[in-house]
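Notes for the structure review
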Amino acid sequence: MYSEKVMDHFENPRNVGEIPDANGVGTVGNAKCGDIMRMYLKVENGIIADVKFKTFGCGAAIATSSMATEMVKGKSLKEALQLTNQAVAEALDGLPPVKMHCSLLAEEAIHAAVEDYLKNHPEEAE
Amino acid sequence: MDRIYMDNAATTAICPEALSAMLPCFGDHFGNASSIHGTGRDARKTLEEARRTVAECLGAKAQEIYFTSGGTESDNWAIKGAAYANRKKGSHIITSQIEHHAVLHTCEWLEKQGFRVTYLPVDEYGLVNPRDVEAAITDQTILISIMAANNEIGTIEPISEIGKIAKAHKIIFHCDAVQAVGAIPVDVDSWGVDMLSLSGHKFHGPKGIGALYIRTGTKVDIFLHGGAQERGRRASTENVPGAVGMAAAMKKAVDSIEENGMRLIAMRDRLIQGILSRIPYSRLNGHSLYRLPGNVNVSIQYVEGEALLLRLDLAGIAGSSGSACTSGSLDPSHVLLAIGLPHEVAHGSLRLSLSDGNTEEEVDEVLRVLPDIVEKLRAMSPMYDDFIRGQRK
């Protein structure tokens, strides 16, 4: 039911872990629904220099977290805020319809982490 | 290493006895059991032998056994058939919250047709209290439907006690015994059931065949209309190979039920103890004694069931889970919620169901592999992080 890419990101998730001196952290989802994602950002000069995640959730939740981190790493905050769940799902060669909400969660987690950073660095918000 | 199959509550491998009994039906013995000629008569003879075998395994009479397409059809027929046949007497049905969807969704549909249904709660182990059944009975009650053993958590229900209550109140008692037949001894008289559903592929028979036992004199409407098969009560050309295969598998399972059960219970308990002792923050779901011999169901906190299953599958181990992600909805299993598990604990459930094909070496392998997988998943779980940090404070 999962594409090879989803299984690859599930089996070998990229950027798992946390950043001790992260300057942007976002947590979305809740345990009741079975998915929680937490994203850690290290922003330097307006660029996402490093990103890591921790996720409690199904195969799709882990794979979308992993893919989302890859897609925003090295990007500007503005670019990160433009990340969509569709783009994450497409990059994974698609998701089963019932799992699309996982990609939405990945998008929301990235946005929440960027917004957390911007809250503490209002001068960088455009 | 070969694959380890521990999802026998989902389906089982066909046993050689069933396969060899079926093969002739795909060759020379292809006849239509309702045909008058010799080819048909041969098929009829084979079919009726199968019916006698199934009846003997349940302590029933052959004419009380109706072959169906499986457990789901048997449940649908029993419940809808009894509801409509007895509508003049009343419109109330009693069942439990932990029944299979074949029972629950049928009851929900009947509610839309004007019937009233009581879904009895269960205790923390998944047991239905017979006193609750009795208390729910009204002068409108026409049917009680309680499963013999739960498919997810393996809890064995007090069927004979409920049977006595049903009999005392002259209410039809249906029992979904899909998980019980072939696993624990079943006797329709001592259980006091009027109808009983079973499915061939749960005890090493083929898929697409099941049976409904209907006690003589029980009022049940026809479910499949058409020809005069199954004494005019269930139309459709008889599935002779299915019936023969199921009967052979059933006889084998019932003949060795005690010996096999004891071996499975030892293996099951070693697996349960091994998991609970090796994995912190894990718990057994279901009852420790009133439990199907092959059923292991545990909740492993701070990991999600589907991720766990995928990791196990990559390690060559087949299991199942009651997590939302495996149910196709956002809610975890209704059974795990009914025994009082919080959503997040229900999401981390793992069911390993054993059969006589499993070995002690396979149990060792699961116990070797599972703790590692759990540790890896927990290492990336923000919930586990928060939990550990909360503990340190």
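Residues numbered from 1 in each chain as written. Chains lettered and ligands numbered in written order. Predicted model: local features only at pLDDT ≥ 70, side-chain atom pairs only at ≥ 80, totals over all residues. Heavy atoms only, no water.

**A closer look at the overall build of chain B**
- Counting secondary structure elements, chain B contains 15 helices and 12 strands.
- Here chain B has a C-alpha radius of gyration of 22 Å; the compact-globule value for 393 residues is 21 Å, and the two agree.
- Across its three principal axes, chain B shows a C-alpha extent of roughly 75 × 55 × 35 Å.
- If you take every contact in chain B between residues at least 6 apart in sequence, the share linking residues at least 24 apart comes to 72%.
- Total accessible area on chain B is roughly 16300 Å²; 53% of this is exposed by carbon and sulfur atoms.
- Between the mean site of the 40 positive side-chain charges and the mean site of the 48 negative ones, chain B shows a separation of 4 Å. (Helix = DSSP H or I, 4+ residues; strand = E, 2+ residues; numbered from the N terminus. Rg over C-alpha atoms; globule rule 2.2 N^0.38 Å. Contact = heavy atoms within 4.5 Å. Areas by Shrake-Rupley, 256 points an atom, 1.4 Å probe, with all protein chains shown as cover. Lys, Arg positive; Asp, Glu negative; His and termini not counted. Charge placed at Lys NZ, Arg CZ, Asp CG, Glu CD.)

**Let's talk about the pairing of strand E8 (residues 210–214) of chain B**
Residues and elements named next belong to chain B.
- Counting buried residues along E8, 5 of its 5 residues qualify, which places the element largely inside the surrounding structure.
- Of the two faces of E8, both are covered, the one formed by Gly210, Leu212 and Ile214 as well as the one formed by Ala211 and Tyr213.
- As paired elements, strand E2 (residues 65–68) and E8 share 4 bridges and run antiparallel to each other. Counted as the bridge partner of Thr68 is Gly210 from E8.
- With 5 bridges joining them, strand E7 (residues 195–199) and E8 adopt antiparallel strand pairing. Residue Ser199 lies in a different strand from E8, and its bridge partner there is Gly210. (Buried < 20%, exposed > 50% of the residue type's maximum accessible area, 1.4 Å probe, protein only. Pairing = 2+ DSSP bridges.)

**Structural notes on the confidence of the model for chain B**
- The pLDDT averaged across chain B works out to 96; a share of 97% of its residues lies at or above 70.
- This complex was scored by the predictor with a pTM of 0.94 and an ipTM of 0.92. (pLDDT = per-residue confidence, 0-100.)

**Considerations on the sheet that holds strand E9 (residues 282–284) of chain B**
Residue and element names in this part refer to chain B.
- Sheet architecture is open: 3 strands sit in the order E9-E10-E12, paired in antiparallel fashion. One side of each edge strand has no neighbouring strand; the edge strands of this open sheet are E9 and strand E12 (349–353). Adjacent strand axes in the sheet meet at a mean angle of 25°, parallel and antiparallel pairs treated alike.
- Relative to E12, strand E10 (residues 295–300) runs antiparallel, the two sharing 5 bridges. Considered in E12, the bridge of Val296 is made with Leu352.
- Docked against the sheet, helix H9 (residues 257–278) engages E9, E10 and E12, running at close to 10° with respect to E10. (Axes fitted to C-alpha atoms, helices over the stretch in contact; angles between N-to-C directions.)

**Quick look at the packing of aromatic side chains**
Residues and elements named next belong to chain B.
- Going through the model one piece at a time under the given rule, you end up with 7 aromatic pairs over all chains.
- Residues Tyr302 and Phe387 carry aromatic rings whose centres are separated by 4.7 Å and whose planes lie at 25° to one another, so their mutual orientation is stacked. Separated by 85 residues along the polypeptide, Tyr302 in the loop between E10 and helix H10 (305–314) and Phe387 in helix H15 (residues 382–392) bring together distant segments of the chain.
- According to the relative accessible area criterion, Tyr302 is buried, its value standing at 11%. (Phe/Tyr/Trp six-rings, centres within 6.5 Å; stacked < 30°, edge-to-face > 60°.)

**Let's talk about the environment of B:Trp191**
Residues and elements named next belong to chain B.
- Inspection of the secondary structure puts Trp191 in helix H7 (residues 188–191).
- For Trp191, a relative accessible area of 12% translates into the label buried.
- Put simply, Trp191 and Ile339 are 148 residues apart on the chain and 24 Å apart in space, counted from C-alpha to C-alpha.
- The contacts of Trp191, once residues within four sequence positions are left out, are Ala148, Ile159, Ser160, Gly163, Phe173, Cys175, Ala177, Ala180, Ile184, Pro185, Val186 and Leu196.

**Details of the packing of helix H1 (residues 4–11) of chain A against helix H2 (residues 59–72) of chain A**
All names here are of chain A.
- The contact between H1 and H2 brings their axes to 8 Å, and the two run at 85°. By the angle between their axes, H1 is roughly perpendicular relative to H2. Between H1 and H2, the contacting residues are Lys5, Val6, His9 and Phe10 on the first element and Gly59, Ile62, Ala63, Ser66, Met67 and Glu70 on the second. (Parallel < 35°, antiparallel > 145°, perpendicular 65-115°, else oblique.)

**Some details on the sheet that holds strand E3 (residues 92–96) of chain B**
All names here are of chain B.
- The 7 strands lie next to each other as E2-E8-E7-E6-E5-E3-E4, forming an open sheet whose pairing is mixed. Every interior strand has two partners, whereas the edge strands, E2 and strand E4 (116–120), have only one. Taken pair by pair, the neighbouring strands of this sheet meet at an average axis angle of 20°, ignoring direction.
- Direction of pairing for E3 relative to strand E5 (residues 141–145): parallel, over a ladder of 4 bridges. Each residue of the ladder has a partner; that of Ile94, found in E5, is Ile144.
- Along the sheet face, helix H3 (residues 71–85) touches E2, E3, E5, strand E6 (172–176), E7 and E8 and points at about 160° away from the line of E7.
- Along the sheet face, helix H6 (residues 159–168) touches E5 and E6 and points at about 160° away from the line of E6.

**Some points on the nonpolar core**
- With 67 residues, the main nonpolar core has B:Leu271, B:Ile275, B:Leu308 and B:Leu370 as its most contacted residues.
- In terms of residue count, helix H5 (residues 100–120) of chain A provides more of this core than any other element does, 9 residues in total.
- For B:Leu370, the contacting residues outside a window of four places in its chain are B:Ile275, B:Ile279, B:Ile300, B:Leu308, B:Leu312 and B:Leu350. (Core = buried A, V, L, I, M, F, W, Y, C linked by side-chain atoms within 4.5 Å.)

**Quick notes on the side chain of B:Thr155**
- In this fold, B:Thr155 is placed in the loop between E5 and H6.
- A polar contact of 2.6 Å, which involves the side chain of B:Thr155, links it to the backbone oxygen of B:Tyr125. (Polar contact = N/O pair within 3.5 Å; in protein donor to acceptor, adjacent residues only side chain to side chain.)

**Focus on the domain arrangement of chain B**
Residue and element names in this part refer to chain B.
- For chain B, the assigned domains read domain 1 (4–11 + 257–392) and domain 2 (16–255).
- Look at where the C-alpha atoms of domain 1 and domain 2 centre, and you get two points 29 Å apart.
- Each partner contributes to the interface: domain 1 provides 23 residues, whereas domain 2 provides 32 residues.
- Taken together, both faces of the contact between domain 1 and domain 2 bury some 2300 Å²; the carbon and sulfur share is 56%.
- By the criterion of area lost to domain 2, the three top residues of domain 1 are Ile257, Leu292 and His334, representing 31% of everything that side buries.
- Applying the counting criterion to the domain 1 and domain 2 interface returns 0 salt bridges.
- Where domain 1 packs against domain 2, one counts 17 residue pairs in polar contact (both at pLDDT 80 or more).
- Listing elements by their share of the side of domain 1 that touches domain 2, those giving two or more residues are E10 and helix H12 (334–338). (Domains from an automatic or database assignment. Buried area = accessible area lost by both parts, 1.4 Å probe. Salt bridge = Lys/Arg side-chain N within 4 Å of Asp/Glu carboxyl O.)

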